[in-house]
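Structural overview for review
Spelled out, the chains give:
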Amino acid sequence: MLTYKVQLYPNKQQQATLIEQLDICRKLYNKLLEECKKAREKGEKLTQNRTQSFIVGLKNNSMPELKGVHSKVLQMVNHTLWTNIKSLSKLKKNGRKIGHLRFKGKGWYKTINYNQSGFKIDEYKNKITFSKIGTINCRGLNNRVRKNKIKGIILKHTQTGRWFANIQVENVPLVLPKTNKSVGIDVGISSFIVDSDGIRVENPKNIDKQIKKIKVTHRTLSRKKKGSKNWLKAKLQLAKLLEEITNQRKDFLHKVSRFYVDNYDLICVEDLDIKELSQKGNKKNKRSRTLHRHILDASWGQFFNYLSYKAVNADKEVVKVHPKGTTQECSRCGRIVKKNLLTRIHFCPHCDLELDRDYNASINILKRGTGCASILVENRPLVTITASAIVSGQVFSMNQATPSLR
Ligand SMILES: [Zn+2]
């Protein structure tokens, strides 16, 4: 099962309805939990089906407001309760000391779960209609969502007051034409990626700008009195900023990984787990772990995850190779050419090869991943792709242009 996240833009009235429905779900959750607790005190045990059957009774008696919520959504409230009960008892069985399930306070129920029914997607107009709520505008219903079978939609209210729909779709394998092409990918610091076809993907430029903003907001937050109105305001601003960065980064990573899975049958990358380990002992490296670096590190891990699952889904392959010496080795003659972090060019005194340092590394990665000892290495200018070109979709038109780049 795959999940696509799209932002929803409910109007004022819809927002009010959504908030009201969340609260009704919360009350139902608490009510059913209360029934479970009461039963336990009497030494009885309820089941998921039993509490489910309570809902009809509640609708007709003490909680008529339940009628305002789609019936499947109510069922899923019961389902959530039982998922919580089961995971708690599992923890107990494992010998953990834990308390009881708690009632949810106001504002602590954040999802409305439409499972199987009660929704309709209009992908061309970018609208989703929810039963008992209405038609809500959204952004980002892409081609993939159209083709797949939709299993359900979970509406989510975030900390910052925004609404998202997590669209769950059946994982239908993508049939992509085989390209018979392999690529080695080196992730770097000065650029996000340099690959063995000579393509350089730049880091998103806005990272630094956003980090600055985060730092400023952090400072503002720390100067305010905890719990005060201005403190809450700064806190919300910070959360919004982080949410924005996360979404932008994910969008970028999805598009870059899509580009590689569409264009190559075999994608070779370094095994980052090993790389991480070998760098832990390196004190110099530790000191240079700034926030910027931290965000990039997180991005690479996420990028490889996206790459892997997209590849599996399209019957393509991702190979992880040992990272040791990929930068130092000469990709033509295989000898070691020492360089430090500042050396941007690989120049081999043994065979005279002169290449961009990351380009050289990416060819080594390709060699290791394919087991191919000799790969024609040529010195040519790298083709640079900006992050904004990728996000705006211009890179998809590269699909046709790629062969001519070779
Ligand atoms: Zn050489």
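Nothing here was measured: the structure is a model prediction, and the numbers come from that model. (Residues numbered from 1 in each chain as written. Predicted model: local features only at pLDDT ≥ 70, side-chain atom pairs only at ≥ 80, totals over all residues. Heavy atoms only, no water.)

To continue, consider the overall build of the chain. When helices and strands are tallied, the chain shows 12 helices and 15 strands. Across the 406 residues of the chain, 45% fall into the buried class. Restricting the contact set of the chain to residue pairs at least 6 apart, pairs at least 24 apart contribute 67%. Carbon and sulfur atoms make up 53% of the accessible area of the chain, which amounts to about 22900 Å² in all. (Helix = DSSP H or I, 4+ residues; strand = E, 2+ residues; numbered from the N terminus. Buried < 20%, exposed > 50% of the residue type's maximum accessible area, 1.4 Å probe, protein only. Contact = heavy atoms within 4.5 Å. Areas by Shrake-Rupley, 256 points an atom, 1.4 Å probe, with all protein chains shown as cover.)

Another aspect to go through is the coordination of the zinc ion. For a metal with four donors in a tetrahedral arrangement, the ideal angle between donors is 109.5 degrees, while six donors in an octahedron ideally sit at 90 or 180 degrees. Looking at the zinc ion, the protein donor atoms are Cys 330 (SG), Cys 333 (SG), Cys 348 (SG) and Cys 351 (SG), and they sit 2.3 Å from it. One can describe the donor arrangement at the zinc ion as tetrahedral, given that its 4 donor atoms subtend angles of 106 to 116° at the metal. Along the chain, the residues that donate to the zinc ion are spaced as C-x2-C-x14-C-x2-C. Here the residue Cys 333 occupies a position in the loop between strand 12 (317-321) and strand 13 (345-347), and Cys 348 occupies one in the loop between strand 13 and strand 14 (354-356), the gap between them amounting to 15 residues. (Donors = N, O, S within 2.8 Å, 3.2 Å for Na, K, Ca; no water. Tetrahedral: all angles 85-135°; square planar, octahedral: opposite > 155°, others 65-115°.)

Now for helix 10 (residues 357-370). Along its 14 residues, helix 10 runs 20 Å from first to last C-alpha, staying within 8% of the 20 Å computed at 1.5 Å per residue. Along helix 10, 12 of the 14 residues are buried, which leaves the element largely enclosed by surrounding structure. Capping of helix 10 at its N-terminal end is provided by Asp 356; its side-chain oxygen lies 2.9 Å from the backbone amide nitrogen of Asp 358. One or two steps after helix 10, the chain reaches Gly 371, where phi turns positive at roughly 70°. (Expected span 1.5 Å × (residues − 1). Polar contact = N/O pair within 3.5 Å; in protein donor to acceptor, adjacent residues only side chain to side chain.)

We now examine unusual backbone geometry. Look at Gln 116: it is not a glycine, yet its phi comes out positive at around 70°. Mapped onto the secondary structure, Gln 116 falls in the loop between strand 2 (111-115) and strand 3 (119-122). One non-glycine residue, Asn 180, lies in the positive phi region at around 60°. Summarising the element assignment, Asn 180 is placed in the loop between strand 7 (163-169) and strand 8 (182-187).

Successive side chains on a regular strand alternate, one facing one side of the sheet and the next facing the other. Summarising burial for strand 2: 4 of the 5 residues are buried, a large majority. With 5 bridges joining them, strand 2 and strand 6 (residues 150-157) adopt antiparallel strand pairing. Within the sheet, the bridge partner assigned to Ile 112 lies in strand 6 and is Leu 155. (Pairing = 2+ DSSP bridges.)

As for its position among the elements, Cys 138 is in strand 5 (residues 134-139). Note on Cys 138: relative accessible area 7%, which makes it buried. In sequence terms Cys 138 and Asn 126 are 12 residues apart; their C-alpha atoms lie 5.5 Å from each other. In contact with Cys 138, not counting residues within four places along its chain, are Val 6, Gln 7, Leu 8, Tyr 9, Asn 126, Lys 127 and Ile 128.

Right, let's talk about the packing of aromatic side chains for a bit. One pass over the structure, following the stated rule, counts 8 aromatic pairs. Geometrically, the ring pair formed by Phe 303 and Phe 304 is tilted, given 5.6 Å between the ring centres and 50° between the ring planes. One exposure class covers both Phe 303 and Phe 304, and it is buried. Between Tyr 306 and Tyr 309, the ring centres sit 6.1 Å apart and the planes meet at 85°, which makes this aromatic pair edge-to-face. Note that Tyr 306 and Tyr 309 are positioned in helix 9 (residues 291-313) at a spacing of 3 residues, about one turn of the helix. Residue Tyr 309 is classed as partly exposed on the basis of its relative accessible area, which comes to 33%. The ring of Phe 103 has Lys 37 lying over it, and the distance from NZ or CZ to the ring centre is 4.9 Å. Over the ring of Tyr 29 we find Lys 104; its NZ or CZ atom is 5.2 Å from the centre of that ring. (Phe/Tyr/Trp six-rings, centres within 6.5 Å; stacked < 30°, edge-to-face > 60°. Lys NZ or Arg CZ within 6 Å of the ring centre and 35° of its normal.)

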